[in-house]
Amino acid sequence: MAKEVILKYGCNPNQNPARIFMTDSDLPLEILNGRPGYINFLDALNSWQLVKELKEATGLPSAASFKHVSPAGAAVAVPMSETLKKIYFVDDLKLSPLATAYSRARGADRLSSYGDFIALSDVCDEETALLIKREVSDGVIAPGYTDKALDILKSKRRGTYNIIKIDPEYKPNPIERKQVFGITFEQLRNEVKFDDSIFENIPTQNKNLTKEAKRDLIISMITLKYTQSNSVCYAKDGQAIGIGAGQQSRIHCTRLAGNKADIWYLRQNPKVLNLPFKKDIRRPDRDNAIDVYISEEHDDVLKDGAWEYYFTEKPEVFTKEEKIEWLKGLDNVALGSDAFFPFGDNIERAHKSGVKYIAQAGGSIRDDNVIETCDKYDIAMAFTGIRLFHH
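Residues numbered from 1 in each chain as written. Predicted model: local features only at pLDDT ≥ 70, side-chain atom pairs only at ≥ 80, totals over all residues. Heavy atoms only, no water.

## Considering the overall build of the chain
Thought 1: Regarding its fold elements, the chain presents 15 helices and 15 strands.
Thought 2: By principal-axis analysis of the C-alpha atoms, the chain measures approximately 60 × 55 × 40 Å.
Thought 3: Excluding contacts between residues fewer than 6 apart, the proportion of contacts in the chain whose partners are at least 24 apart in sequence is 57%.
Thought 4: Of the charged side chains in the chain, 53 are positive and 56 negative; the average position of the first set lies 3 Å away from that of the second. (Helix = DSSP H or I, 4+ residues; strand = E, 2+ residues; numbered from the N terminus. Contact = heavy atoms within 4.5 Å. Lys, Arg positive; Asp, Glu negative; His and termini not counted. Charge placed at Lys NZ, Arg CZ, Asp CG, Glu CD.)

Shown next, in the form of structure tokens:
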């Protein structure tokens, strides 16, 4: 390992020279293939912390799909239903626990995950490598790779795929620094850990947090810890299903993440599962067609002259009424927020996407309104006392 890596350029091509480096020791990582860039390393190092903490908190292999320094998806290795395997397009693959975790992380929001950087909590195995190989991705970071997995990944992108090995025992200095406009900022690293103790303060009438709910709330909170703020995360069955990142208003976070959660669930409707795609359609074109088909812009892929590009026959419209009825089945969703909810409108929106459990910092002058709105819908909400801003 070396003390520095010279980069092609920084965030943008005009930002050169650029490098990553350590002053007192060697870098805790090794580039096994490719030439990762500045943003690749930002995604790699943030996502690695996320999956490392998910594994520590749950004991399960974990994976994340990162884009532009925020997760597009994060998940642990909970077995998938046949329906999920189908909407994630992995029903034809043998899946190890680690591959299952990445299938979930990648599959939740496939459009956002296009061209992602991947983080894996465990040594990358052959099954996970085969899954990664067929997706459009910039690179992967993991604590190691089997020989077969490394050979598979090295063949990706004509041999230029970015593969980073991270030292899983590396612990950074507790004080972190960064520069903005020539001025150095310094703070203690955010080392907060998540376990069941963060759910002790439940001010709502419903105080029932199931084991699965606590797991999903912890997944949402750890995901938020590495998501650009303001941020909100919906989680279900061991994975994030909707992440709203970098919004100035918390209600916009809640709406954005809720809309993504709705799309995740709408993709499981038989009308979507059985869309008659052409056999030779490109995976990104298929993903985009599904997204448009579900939306109010469905005519863009269903009008004459357009549907023929995607489908063997013209599908029926997925009507607004059908979507509303289907979404009534979305339930037992967990929701985390990186800071307090200032108004009950966030709860109203969360309820529309099946939220039954909430974890948030608490401390708003309108906590009473937020609690009252939760009670209106029999939602169990914990005040964690933990803010998770990330910038």
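## A few points about the packing of helix α1 (residues 38-58) against helix α7 (residues 211-225)
Thought 1: Viewed as axis vectors pointing N to C, α1 and α7 meet at an angle of 155°, and their least axial separation amounts to 9 Å. Our classification of the angle between α1 and α7 gives roughly antiparallel. In this structure, α1 meets α7 at a crossing whose hand is right-handed. Of α7, the residues touching α1 (which contributes Leu50, Glu53, Leu54 and Ala57) are Ile218, Ile219, Ile222, Thr223 and Lys225.
Thought 2: Residue composition of the contact of α1 with α7, by class: six nonpolar, one polar and two charged. (Axes fitted to C-alpha atoms, helices over the stretch in contact; angles between N-to-C directions. Parallel < 35°, antiparallel > 145°, perpendicular 65-115°, else oblique. Left-handed = near helix turned anticlockwise from the far one by under 90°. Nonpolar A, V, L, I, M, F, W, Y, C, P; charged D, E, K, R; others polar.)

## Observations concerning the pattern of salt bridges
Thought 1: Taken as a whole and assessed by the stated rule, the structure comprises 30 salt bridges.
Thought 2: The salt bridge involving arginine 189 is made with glutamate 191; its shortest N-O contact spans 3.0 Å. (Salt bridge = Lys/Arg side-chain N within 4 Å of Asp/Glu carboxyl O.)

## Some remarks on the pairing of strand β12 (residues 239-245)
Two faces, one strand: in a regular strand the side chains alternate between the faces of the sheet.
Thought 1: Taken across its seven residues, β12 has six buried, putting it largely inside the fold.
Thought 2: Summarising the sheet, strand β11 (residues 231-236) and β12 pair through six bridges and their orientation is antiparallel. By the bridge assignment, valine 232 is partnered in β12 with glycine 244.
Thought 3: Connecting β11 to the antiparallel partner β12 that follows it, the hairpin turn spans two residues, and aspartate 237 within it adopts a positive phi of roughly 55°. (Buried < 20%, exposed > 50% of the residue type's maximum accessible area, 1.4 Å probe, protein only. Pairing = 2+ DSSP bridges.)

## Considerations on the nonpolar core
Thought 1: Counting 68 residues, the largest nonpolar core has Leu120, Val140, Leu153, Tyr234, Trp264 and Ile358 as its most contacted members.
Thought 2: Ranked by residues supplied to this core, first place goes to helix α8 (residues 250-266) with six residues.
Thought 3: Leaving out residues up to four positions away in the same chain, valine 140 has contacts with Phe117, Ile118, Leu120, Ile132, Tyr145, Leu153, Tyr161, Asn162, Ile163 and Ile164. (Core = buried A, V, L, I, M, F, W, Y, C linked by side-chain atoms within 4.5 Å.)

## A look at helix α3 (residues 97-107)
Thought 1: Counting buried positions along α3 gives 10 out of 11 residues, so the element sits mostly inside the fold.
Thought 2: Taken residue by residue, α3 has Leu98, Ala99, Thr100, Ala101, Tyr102, Ser103, Arg104, Ala105, Arg106 and Gly107 as its buried positions.

## Regarding the state of the cysteines
Thought 1: Within this structure, the stated rule accounts for zero disulfides.
Thought 2: Cysteine cysteine 233 is unpaired, with the sulfur of cysteine 253 as its nearest cysteine sulfur at 11 Å.
Thought 3: Assessed through its relative accessible area of 0%, cysteine 233 is described here as buried.
Thought 4: Cysteine 374 forms no disulfide, and the closest cysteine sulfur to it belongs to cysteine 233, at a distance of 17 Å.
Thought 5: Residue classification places cysteine 374 among the buried residues on the basis of a relative accessible area of 0%. (Disulfide = S-S within 2.5 Å.)

## Some remarks on the environment of alanine 108
Thought 1: Locating alanine 108 in the fold gives a position in the loop between α3 and α4 (110-113).
Thought 2: A C-alpha to C-alpha distance of 37 Å links alanine 108 and proline 17, two positions 91 residues apart in sequence.
Thought 3: In contact with alanine 108, other than residues within four places in its own chain, are Tyr88, Gln239, Ala240, Ile241, Trp264 and Arg267.

## Thoughts on the side chain of serine 121
Thought 1: Looking at the element boundaries, serine 121 is found in the loop between β6 (116-120) and α5 (126-133).
Thought 2: There is a polar contact of 2.8 Å between the side chain of serine 121 and the backbone nitrogen of serine 62.
Thought 3: Engagement of the side chain of serine 121 in a polar contact is seen with the side chain of aspartate 122, the distance being 2.6 Å.
Thought 4: Residue contacts for serine 121: discarding those within four places in its chain leaves Trp48, Val51, Lys55, Leu60, Pro61, Ser62, Leu98 and Pro143. (Polar contact = N/O pair within 3.5 Å; in protein donor to acceptor, adjacent residues only side chain to side chain.)

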